[in-house]
Amino acid sequence: MDCQEKLEVPVYTDVDRETFLRDIYPLRRPVVLKRVPLGPCVRAWTVSYLAEKGGDREVKVHVSPEPRMDFLHKNFVYRTLPFDKFIQRAAEAKHSDFFISQDESYYLRSLGEDVRKEPADLRKQFPELAEDFYIPQFFEPEQFFSSVFRISSPGLQLWTHYDVMDNLLAQVTGRKRVVLYSPKDALHLYLTGDKSEVLDIDTPDLQRYPEFVKACRYECVLEPGDLLFIPALWFHNTLALQFGVGVNVFWKHLPPESYDKKDPYGNKDPVAATRALQALERTLGILEELPPEYRDFYARRMVSRIQSRAYIRQPMEAAQENLDTA
């Protein structure tokens, strides 16, 4: 979108663990990592190989009549297919067997054995395929949370959302465009929970979402074998330029007690953040007891308190404040 500031995601090549932890990770910004060894999967994971190795175990998949999936309004249905049949359908442009239409799009986000309690783990759900994929050792083993199989039809676009854990998106096969937005642009993204209401990020309805132009757009195209580091809270939107297979690896970078223990997907807000948001809802209910002009006045004072106590100030802002109080 031309009216948004657009920046390319930085690219690093031949990054080892030490370099990642010293030079990249502390910056808390997305980067593309090339030539990080992912194992034989990059060459081996053809459609026929995946179908053979994955076999006929049943998987639950998203099926949509259009390629832009919308989680807020649920423009898709869940269907169950044998993995080998799913792979074959997802790789097709037109379908002779289908649920909704010949043009329907497919998306798999693998799940744990107990979908309500257990995170996805490629080594447990697809052990034959997991042997081909090397998890990059950029975090301690005890921090591991999940490894999620992501397989999508060509042209499939997924909604803009954030996750609460750091993760690496390994693009094993196919090409994928990823657009990201900083957590600091959250106010411009029209959020409902962890998802943006702006579905069409390339030609958005600016009458309905005028603030969206203020968000800075970071963009990259992942080639087979690329890794994308997505820090927690960074919003991301993916578009499969080709039939593609990827693996998301999530890890816990906060103390373990920070996370909701009943969250197998790793996308629930941290426990303290949930408590704070609940307290905010109670506070807003109390403000409703006041007349409009009082409610407005005290709400603005509360926003000012939040900004002064909780916002991360940029160096220039801090310097200006020091001058103002000198």
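Cut-offs used in this document
Residues numbered from 1 in each chain as written. Predicted model: local features only at pLDDT ≥ 70, side-chain atom pairs only at ≥ 80, totals over all residues. Heavy atoms only, no water. Helix = DSSP H or I, 4+ residues; strand = E, 2+ residues; numbered from the N terminus. Rg over C-alpha atoms; globule rule 2.2 N^0.38 Å. Buried < 20%, exposed > 50% of the residue type's maximum accessible area, 1.4 Å probe, protein only. Contact = heavy atoms within 4.5 Å. Lys, Arg positive; Asp, Glu negative; His and termini not counted. Charge placed at Lys NZ, Arg CZ, Asp CG, Glu CD. Salt bridge = Lys/Arg side-chain N within 4 Å of Asp/Glu carboxyl O. Axes fitted to C-alpha atoms, helices over the stretch in contact; angles between N-to-C directions. Parallel < 35°, antiparallel > 145°, perpendicular 65-115°, else oblique. Left-handed = near helix turned anticlockwise from the far one by under 90°. Phe/Tyr/Trp six-rings, centres within 6.5 Å; stacked < 30°, edge-to-face > 60°. Pairing = 2+ DSSP bridges. Patch = residues over 30% accessible without salt bridge, like charges linked within 9 Å, V, L, I, M, F, W, Y side chains within 5 Å. Areas by Shrake-Rupley, 256 points an atom, 1.4 Å probe, with all protein chains shown as cover. UniProt positions renumbered as here; feature names shortened; annotations may be inferred. Polar contact = N/O pair within 3.5 Å; in protein donor to acceptor, adjacent residues only side chain to side chain.

### Remarks on the overall build of the protein chain
A count of helices and strands for the protein chain gives 9 helices and 16 strands. Against the 2.2 N^0.38 benchmark of 20 Å for 326 residues, the protein chain shows a C-alpha radius of gyration of 22 Å, consistent with a compact globule. Expressed as lengths along the three principal axes of its C-alpha atoms, the size of the protein chain is roughly 70 × 45 × 40 Å. Burial status across the protein chain gives 44% buried among its 326 residues. A separation threshold of at least 6 residues defines the contact pool for the protein chain, and within that pool the share at least 24 residues apart is 75%. Side chains of the protein chain carry 43 positive and 50 negative charges; the gap between the two charge centres is 3 Å.

### Focus: the pattern of salt bridges
Inspection of every chain in the model, using the stated rule, returns 20 salt bridges. A salt bridge links Asp121 to Arg123; the shortest N-O distance between them is 3.1 Å. Overall, Asp121 belongs to the buried group, its relative accessible area being 8%. Accessibility expressed as a relative area gives 46% for Arg123, which makes it partly exposed. Connected through shared salt-bridge partners, Lys6, Arg177, Asp202, Arg217 and Glu219 make up one network.

### Some thoughts on the side chain of Thr238
Among the structural elements, Thr238 can be located in strand 15 (residues 235-240). Assessed through its relative accessible area of 12%, Thr238 is described here as buried. In contact with Thr238, not counting residues within four places along its chain, are Leu156, Gln157, Leu158, Lys176, Arg177 and Val178.

### Focus: the packing of helix 3 (residues 47-54) against helix 4 (residues 83-90)
Relative orientation of the contacting elements helix 3 and helix 4 amounts to 165 degrees, with a least axis distance of 8 Å. The angle between helix 3 and helix 4 places the two elements in the roughly antiparallel class. Viewed along their axes, helix 3 and helix 4 form a crossing whose handedness is right-handed. On the side of helix 3, the interface is formed by Val47, Leu50, Ala51 and Gly54, while helix 4 contributes Phe83, Asp84, Ile87 and Gln88.

### Quick notes on the packing of aromatic side chains
Per the counting criterion, the structure on display carries 22 aromatic pairs. Ring centres 6.5 Å apart and planes at 65 degrees place the aromatic pair Phe86 and Tyr106 in the edge-to-face group. On the criterion of sequence distance, the pair formed by Phe86 in helix 4 and Tyr106 in strand 6 (residues 105-109) is long-range, its members being 20 residues apart. An angle of 15 degrees between the planes, with centres 6.2 Å apart, marks the rings of Phe229 and Trp251 as stacked. Here Phe229 is found in strand 14 (residues 226-230), whereas its partner Trp251 is found in strand 16 (residues 244-251), with 22 residues between them in sequence.

### Structural notes on the pairing of strand 15
Extensive coverage of strand 15 is indicated by the burial of 6 of its 6 residues. Neither face of strand 15 is open: one carries Phe235, Asn237 and Leu239, the other His236, Thr238 and Ala240, and all of them are buried. Of the pairings in the sheet, the one linking strand 8 (residues 157-161) to strand 15 comprises 3 bridges and is antiparallel in character. The residue bridging Gln157 from the neighbouring strand is Leu239, located in strand 15.

### A look at a nonpolar patch on the surface
The grouping of Leu290, Tyr294, Phe297 and Tyr298 at the surface amounts to a nonpolar patch, some 370 Å² of accessible area in total. One can find Phe297 in helix 8 (residues 292-310).

### Some points on the UniProt feature "domain: JmjC" (unreviewed entry) in the protein chain
Mapped onto the present numbering, the UniProt feature "domain: JmjC" (unreviewed entry) falls on residues 106-268. For residues 106-268, helix accounts for 5% and strand for 37%, while the C-alpha atoms at its two ends are 25 Å apart.

### Considering the environment of Arg208
Structurally, the position occupied by Arg208 is in the loop between strand 12 (195-196) and strand 13 (217-222). Using a relative accessible area of 54% as the deciding quantity, one classes Arg208 as exposed. C-alpha separation for the pair Arg208 and Val198, spaced 10 residues apart in sequence, amounts to 9.2 Å. A polar side-chain atom of Arg208 sits 3.3 Å from a polar atom in the side chain of Tyr209.

### A word on unusual backbone geometry
One non-glycine residue with positive phi stands out, namely Arg35, at about 60 degrees. Along the polypeptide, Arg35 turns up in the loop between strand 3 (31-34) and helix 2 (41-44).

### A closer look at the sheet that holds strand 16
Across the sheet, which stays open at both edges, the 9 strands sit in the order 2-3-14-9-16-7-6-4-5 with mixed pairing between neighbours. Each of the sheet's edge strands pairs with one partner strand only, and the pair in question is strand 2 (11-13) and strand 5 (77-82). Direction aside, the axes of adjacent strands within the sheet are offset by 25 degrees on average. Note: strand 9 (residues 166-173) against strand 14, 5 bridges, orientation antiparallel. In the sheet register, Leu168 faces strand 14, and the bridge partner there is Phe229.

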